[in-house]
Amino acid sequence: MALLTPDDLRDINKQLQEADSIVRRVTGLDIKGICKTLYGTSPNSEKIGIVPVTAGNGIIKNFSASLHAITQYFGFDSFVTDMSDVSGYYEAVRSGADIILMADDHTFLAHNLKNGKIANNQPSTGIIYAEIASRNQKTDSKDVLVVGLGKVGFPGAVHLVHKGFRVYGYDTDKTLLKRAVSSLGIIPFDIESPKRFSTIFEATPCANTIPETLLSENCVLSTPGIPCAISEELRLKYNVQLVMEPLGIGTASMLYSVL
Ligand code: NAI
Ligand code: PYL
Ligand code: MG
């Protein structure tokens, strides 16, 4: 998994506010509204315990603090434990946490201790970014391009197929592309083809994955992938509505899915 850096998380509140305003402009709903309609849930005074984890590459500076800011932004009561790892988990439960948030290098989970529901960040992120893409108010077209069909992109593609979109898919890994074509019936897309899209969902760890030939004026690019899928120059040239934020939208999706 591509790991976040402290720099990605700089000024997370500002990043979240900016993302929220773009999500509103693109869909007519804010991130909370998207989560409510997606999962049919609303917070009910749940308390969230955030546990720092030292395993593997260890603590990412700003990670727990960012989760604290994100959970507060979405109106949850939350706290970061003083201790890490198993001791931190014990501390969170003893301090009355209803939901545990914790991540090692492979898995970022939300576990609701009251109802047993558990969420994984990767599918939760794919689903909410795909949902945002699917709500592009500026188009009637049912065509959506998905670039990157891995742990985030594949569940997003599944979501779009279930919503009745005509999903075009591309991944540099031919095996993953074949899997998505055979299991989901998506249309394999040749990235060199000049077809322009009004809605694109991208989930890769690479920069500049979307060539100019695929962009249309005012198109929506919904992408959790870091770094960004297009250059700033292309964003401005096509007035691309870019929904991209490093942690908060996916975390909101995880939390609402376990309520
Ligand atoms: P993954 O490694 O499972 O999937 C990435 C896929 O992109 C792979 O299948 C790979 O073959 C494909 N790919 C790479 N370069 C490509 C290119 N130029 N064109 C088309 N496909 C290409 O990774 P995962 O877990 O799905 O994560 C994807 C990205 O999302 C990463 O950058 C990760 O850090 C980010 N992420 C962001 C979150 C957020 O909240 N913003 C949350 C979780 C992940
Ligand atoms: C959850 C993010 C989204 C993209 N990459 C994922 C990542 O960076 N995972 C690693 C998270 C490690 C957190 C560390 C800590 O500070 O507790 N163990
Ligand atoms: Mg990318």
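Residues numbered from 1 in each chain as written. Chains lettered and ligands numbered in written order. Predicted model: local features only at pLDDT ≥ 70, side-chain atom pairs only at ≥ 80, totals over all residues. Heavy atoms only, no water.

Looking at an unreviewed UniProt entry, one finds the protein chain named Proline reductase for pyrrolysine biosynthesis, with Methanosarcina thermophila as its source organism.

## Quick word on the site of ligand 2
What surrounds ligand 2 is a group of 14 residues, the closest being A2, L4, V53, I60 and A103. At a separation of 2.8 Å, a nitrogen atom of ligand 2 approaches a polar backbone atom of V53. In this structure, G58 approaches ligand 2 through a main-chain N or O atom, which is 3.5 Å from a nitrogen atom. Summarising the interface, the protein chains cover 93% of the accessible area of ligand 2, which totals 460 Å² for the free molecule. (Near = heavy atom within 4 Å. Polar contact = N/O pair within 3.5 Å; in protein donor to acceptor, adjacent residues only side chain to side chain. Areas by Shrake-Rupley, 256 points an atom, 1.4 Å probe, with all protein chains shown as cover.)

## Comments concerning the sheet that holds strand β2 (residues 77-80)
The five strands lie next to each other as β2-β1-β3-β4-β5, forming an open sheet whose pairing is mixed. Of all strands in the sheet, those with a lone pairing partner are β2 and β5 (118-120), marking the two edges. In this sheet, neighbouring strand axes are inclined to one another by 15 degrees on average, regardless of whether the strands run parallel or antiparallel. Where strand β1 (residues 47-51) and β2 come together, four bridges link them in parallel fashion. When the sheet's bridge partners are listed, G49 is paired in β2 with F79. In the packing of helix α4 (residues 85-94) onto the sheet, contacts are made with β1, β2 and β3 (99-103), and the angle to β1 comes to roughly 165 degrees. (Pairing = 2+ DSSP bridges. Helix = DSSP H or I, 4+ residues; strand = E, 2+ residues; numbered from the N terminus. Axes fitted to C-alpha atoms, helices over the stretch in contact; angles between N-to-C directions. Contact = heavy atoms within 4.5 Å.)

## Structural notes on the domain arrangement of the protein chain
Here the protein chain is partitioned into domain 1 (6-120 + 250-258) and domain 2 (123-245). With 24 residues of domain 1 at the interface, the matching set in domain 2 holds 17 residues. Interface area, domain 1 with domain 2, both sides summed: about 1700 Å², of which 64% is carbon and sulfur. The tally of links between domain 1 and domain 2 comes to zero salt bridges. Counting across the interface, domain 1 meets domain 2 through five residue pairs in polar contact (both at pLDDT 80 or more). Of all the elements in the fold, those that place two or more residues in the side of domain 1 that touches domain 2 are α1 (12-27), α2 (31-39), β5 and α9 (248-257). Take the side of domain 1 that touches domain 2: its biggest share by element is ten residues, from α1. Class assignment for the residues of the side of domain 1 that touches domain 2 results in 14 nonpolar, seven polar and three charged. (Domains from an automatic or database assignment. Buried area = accessible area lost by both parts, 1.4 Å probe. Salt bridge = Lys/Arg side-chain N within 4 Å of Asp/Glu carboxyl O. Nonpolar A, V, L, I, M, F, W, Y, C, P; charged D, E, K, R; others polar.)

## A closer look at the packing of aromatic side chains
For the structure on display, the rule yields six aromatic pairs. Measuring from centroid to centroid gives 5.4 Å for Y168 and F197, while their planes differ by 70 degrees, and the two rings are edge-to-face. Here Y168, found in strand β7 (residues 166-170), pairs with F197, found in strand β9 (residues 197-202); they are 29 residues apart in sequence, far enough to count as distant. Across this residue pair, the class does not change: Y168 and F197 are buried. The structure contains a cluster of three or more aromatic residues connected by ring pairs, namely Y168, F189 and F197. If you follow R179 out to its NZ or CZ, it ends over the ring of F154, 4.1 Å from the centre. (Phe/Tyr/Trp six-rings, centres within 6.5 Å; stacked < 30°, edge-to-face > 60°. Buried < 20%, exposed > 50% of the residue type's maximum accessible area, 1.4 Å probe, protein only. Lys NZ or Arg CZ within 6 Å of the ring centre and 35° of its normal.)

## Quick notes on the coordination of the magnesium ion (ligand 3)
All of the protein donors around the magnesium ion (ligand 3) are T204 (O), C206 (O) and P227 (O); their distances to the metal are 2.4 to 2.8 Å. The sequence pattern describing where the donors of the magnesium ion (ligand 3) fall on their chain is T-x1-C-x20-P. Of the two residues, T204 sits in the loop between β9 and β10 (215-222) while P227 sits in the loop between β10 and α8 (232-237), which places them 23 residues apart along the sequence. Of the residues examined, P227 reaches a relative accessible area of 36% and is grouped as partly exposed. (Donors = N, O, S within 2.8 Å, 3.2 Å for Na, K, Ca; no water.)

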